[in-house]
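# Per-entry structural report
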Amino acid sequence: MFKAIADVLRSIGGAVATVVTLPFRAVARLFGGASDSAHGRH
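The paragraphs below set out a description of the structure included in this document. For every chain, the first residue of the written sequence is number 1, and numbering continues from 1 along that sequence. Thresholds applied to this predicted model are a pLDDT of at least 70 for local features of residues and 80 or more for the giving and counting of side-chain atom pairs; totals over whole chains, interfaces and linings are not thresholded and use all residues. As a convention, hydrogens and water are excluded, and side-chain values are obtained from all of the structure's heavy atoms.

## Things to note about the overall build of the protein chain
Here is the rule we go by: By the criteria applied, helices consist of DSSP H or I runs no shorter than four residues and strands consist of E runs no shorter than two, each listed in order from the N terminus. Each residue is placed in one exposure class: buried if its accessible area under a 1.4 Å probe, protein chains only, is under 20% of its type's maximum, exposed if it is over 50%, and partly exposed if it falls in between.
Across its full length, the protein chain carries one helix and zero strands. For the protein chain, with 42 residues in total, the buried portion stands at 0%.

## Considering a nonpolar patch on the surface
Note the cut-off: Each patch is built from residues lacking any salt bridge and having more than 30% relative accessible area; the joining distance is 9 Å for like charges and 5 Å for nonpolar side chains (Val, Leu, Ile, Met, Phe, Trp, Tyr). Per-residue and other accessible areas were derived by the Shrake-Rupley procedure at a 1.4 Å probe size, with only the shown protein chains allowed to occlude residues. Take a side-chain nitrogen of Lys or Arg and a carboxyl oxygen of Asp or Glu: if they are within 4 Å of each other, that pair is a salt bridge.
On the surface, Met-1, Phe-2, Ile-5, Val-8, Leu-9, Ile-12, Val-16, Val-20 and Phe-24 cluster together into a nonpolar patch covering about 1000 Å² of accessible area. Along the chain, Val-16 falls in helix H1 (residues 2-39). What makes Val-16 partly exposed here is its relative accessible area of 45%.

## Focus: the pattern of salt bridges
Tallying each qualifying case throughout the model produces two salt bridges. One salt bridge connects Asp-7 with Lys-3, and the closest N-O pair in it is separated by 3.4 Å. Of this pair, Asp-7 and Lys-3 both sit in helix H1, four residues apart, which is roughly one turn of the helix. Its relative accessible area of 33% is what places Asp-7 among the partly exposed residues. Linking Asp-7 and Arg-10 is a salt bridge whose minimum nitrogen-to-oxygen distance equals 3.0 Å. Residue Asp-7 and its partner Arg-10 are both found in helix H1; the two are separated by three residues, about one turn of the helix. By relative accessible area, Arg-10 is classed as exposed at 57%. Overlapping salt bridges, with partners in common, bring together Lys-3, Asp-7 and Arg-10 in one network.

Here's what the structure looks like:
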């Protein structure tokens, strides 16, 4: 019983972590690409 609850909480935590980190990754990629293009690649 407790193991099932723990599994559900773990899966929910993983989903929440993914949803929370996705926007930050997108922003980091945007800023990373902007800074890369601003500096100019050789």
